[in-house]
Amino acid sequence: MSNHIPLKDFRAHRDLLPDEAFALPSGERPGPTDLISEKVWRGIVHLPDDVALTTSNHHGAQLGTLYGRWADWIDAVDDGQEDELFDGMLEAADCFQASTFDSLHGFYRAAAANLRSALELIAIGALGNLAPKDVDYERWKERNLGSFPFSSCMKKLRGATSGVVRTPVLKAGGWPETLYEELCRFTHARPDASDGALWHSNGPVYVSESFRLLYTLQISTYAAGFVFAKIA
């Protein structure tokens, strides 16, 4: 039998936001038209809910820090100057938000995969600001043909900033590339970075060391993102 949390705990309540809370409401939202069954609802959310409650019992300060860094990132996205970096930073904000949500609910591998996407988007956006006519950047942006490997983007960033940026920041095999390789482990669910490896079980389940790892990875990704934005 489930252990219900006290109703006085703010986490015990779910609320629908008012229409005016959304930037582009399309009239009033209708009431339920195909309500999910209680069995299916519980089957989907009961494990993630348990993880979210447990995580927020023990990591309130770290969650507050991640939320604060996301707010800082939003502030750094200058909607008054939509340059080549703007879209990348805006998309990365969604990745950061999803990563925190996934970490809160125990989906640690998915949280790391979102961080890899954020790092790629910011680096490519930085190159777009510095070398908007770069052939690989234009191909990625305009025709969406193929991929733009992170290592190739970093090489081009080194060329675009030669003599301007201190070498340790963008050097081959430097800390941004090391961070990216770490995030790739989770994206590809390598044996030591799979869901099962992070949970030591099936899941999602709360694992303190896995949450702390994702916290560190997200803070590191914010750091790299701000460096790329500064360079650009």
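Model, not experiment: these values are computed from the prediction.

Colleague: Would you mind going over the overall build of the protein with me for this structure?
Modeller: Broken down by element type, the protein carries 10 helices and zero strands. Ordered by position from the N terminus, the helices and strands of the protein form the series α-α-α-α-α-α-α-α-α-α. Across its three principal axes, the protein shows a C-alpha extent of roughly 65 × 45 × 35 Å. In the protein, buried positions account for 34% of the 232 residues. A separation threshold of at least 6 residues defines the contact pool for the protein, and within that pool the share at least 24 residues apart is 67%. Roughly 13,900 Å² of accessible area belongs to the protein as shown, and the carbon and sulfur atoms make up 55% of that amount. Once the 22 positive and 31 negative side-chain charges of the protein are each reduced to a mean point, those two points are 8 Å apart.

Colleague: What exactly am I supposed to notice about the nonpolar core here?
Modeller: In summary, soluble globular proteins display a tendency toward joint burial of nonpolar side chains. Of all hydrophobic cores here, the largest spans 49 residues; its most connected members are W73, F96, Y108, L119, L157 and F228. Among the elements that make up this core, the one with the highest residue count is helix α4 (residues 108-130) (11 residues). Residues in contact with Y108, not counting those within four places in the same chain, are V51, D102, S103, L198, W199, V205, Y206, V207, S210, F211 and L214.

Colleague: Whenever I open this one, the packing of helix α3 (residues 84-104) against helix α10 (residues 208-231) confuses me. Can you help?
Modeller: When two helices pack together, their arrangement is captured by the angle between the axes and the distance separating the axes. Between α3 and α10, the shortest axis-to-axis distance is 11 Å and the interhelical angle comes to 170°. Taken together, the axis directions place α3 and α10 in an arrangement best described as roughly antiparallel. Facing L85, M89, F96, S99, T100 and S103 of α3, the residues of α10 in contact are F211, L214, Q218, T221, Y222 and A229. Tallied by class, the residues present in the contact of α3 with α10 amount to seven nonpolar, five polar and no charged.

Colleague: So what exactly am I meant to see when it comes to the layout of surface pockets here?
Modeller: Rolled over the atoms, a probe with the dimensions of a water molecule shows which regions are left empty. The volume enclosed by the largest pocket comes to roughly 1,400 Å³. The wall of the largest pocket is formed by 32 residues, among which R11, R14, D49, A52 and L53 lie closest to the centre. Listing elements by their share of the lining of the largest pocket, those giving two or more residues are α1 (38-58), α2 (60-76) and α3. Among the elements that make up the lining of the largest pocket, the one with the highest residue count is α1 (12 residues).

Colleague: Help me out: how do you make sense of the packing of aromatic side chains in this one?
Modeller: We describe a pair of aromatic rings using the distance from one ring centre to the other and the angle between the two ring planes. Under the counting rule described, the total for this entry stands at seven aromatic pairs. Considering the side-chain rings of Y67 and W70, the 5.8 Å spacing of their centres and the 40° angle between planes classify their relative orientation as tilted. Of this pair, Y67 and W70 both sit in helix α2, three residues apart, which is roughly one turn of the helix. Taking 3.9 Å as the distance between ring centres and 15° as the angle between the ring planes, the aromatic pair formed by F96 and Y222 counts as stacked. Residue F96 is found in helix α3, and its partner Y222 is found in helix α10; the two are separated by 126 residues along the sequence. Note on accessibility: F96 and Y222 belong to one class, buried. Among the aromatic side chains, those forming a connected cluster through ring pairs are W73, F96, Y222 and F226.

Colleague: What exactly am I supposed to notice about helix α8 (residues 175-187) here?
Modeller: Between its first and last C-alpha atoms α8 spans 18 Å; for 13 residues at 1.5 Å apiece the expected length is 18 Å, and the two agree. Along α8, the residues that are buried comprise P176, E177, L179, Y180, L183, C184, R185 and F186. Following α8 by one or two positions, A189 has its phi on the positive side, about 50°.

Cut-offs and rules
Residues numbered from 1 in each chain as written. Predicted model: local features only at pLDDT ≥ 70, side-chain atom pairs only at ≥ 80, totals over all residues. Heavy atoms only, no water. Helix = DSSP H or I, 4+ residues; strand = E, 2+ residues; numbered from the N terminus. Buried < 20%, exposed > 50% of the residue type's maximum accessible area, 1.4 Å probe, protein only. Contact = heavy atoms within 4.5 Å. Areas by Shrake-Rupley, 256 points an atom, 1.4 Å probe, with all protein chains shown as cover. Lys, Arg positive; Asp, Glu negative; His and termini not counted. Charge placed at Lys NZ, Arg CZ, Asp CG, Glu CD. Core = buried A, V, L, I, M, F, W, Y, C linked by side-chain atoms within 4.5 Å. Axes fitted to C-alpha atoms, helices over the stretch in contact; angles between N-to-C directions. Parallel < 35°, antiparallel > 145°, perpendicular 65-115°, else oblique. Nonpolar A, V, L, I, M, F, W, Y, C, P; charged D, E, K, R; others polar. 1 Å grid on protein atoms, 1.4 Å probe; cavity = no way out; pocket = protein on both sides within 12 Å on 5 of 7 lines; lining within 4 Å. Points joined across faces, edges and corners; volume = space filled by probe spheres on them. Phe/Tyr/Trp six-rings, centres within 6.5 Å; stacked < 30°, edge-to-face > 60°. Expected span 1.5 Å × (residues − 1).

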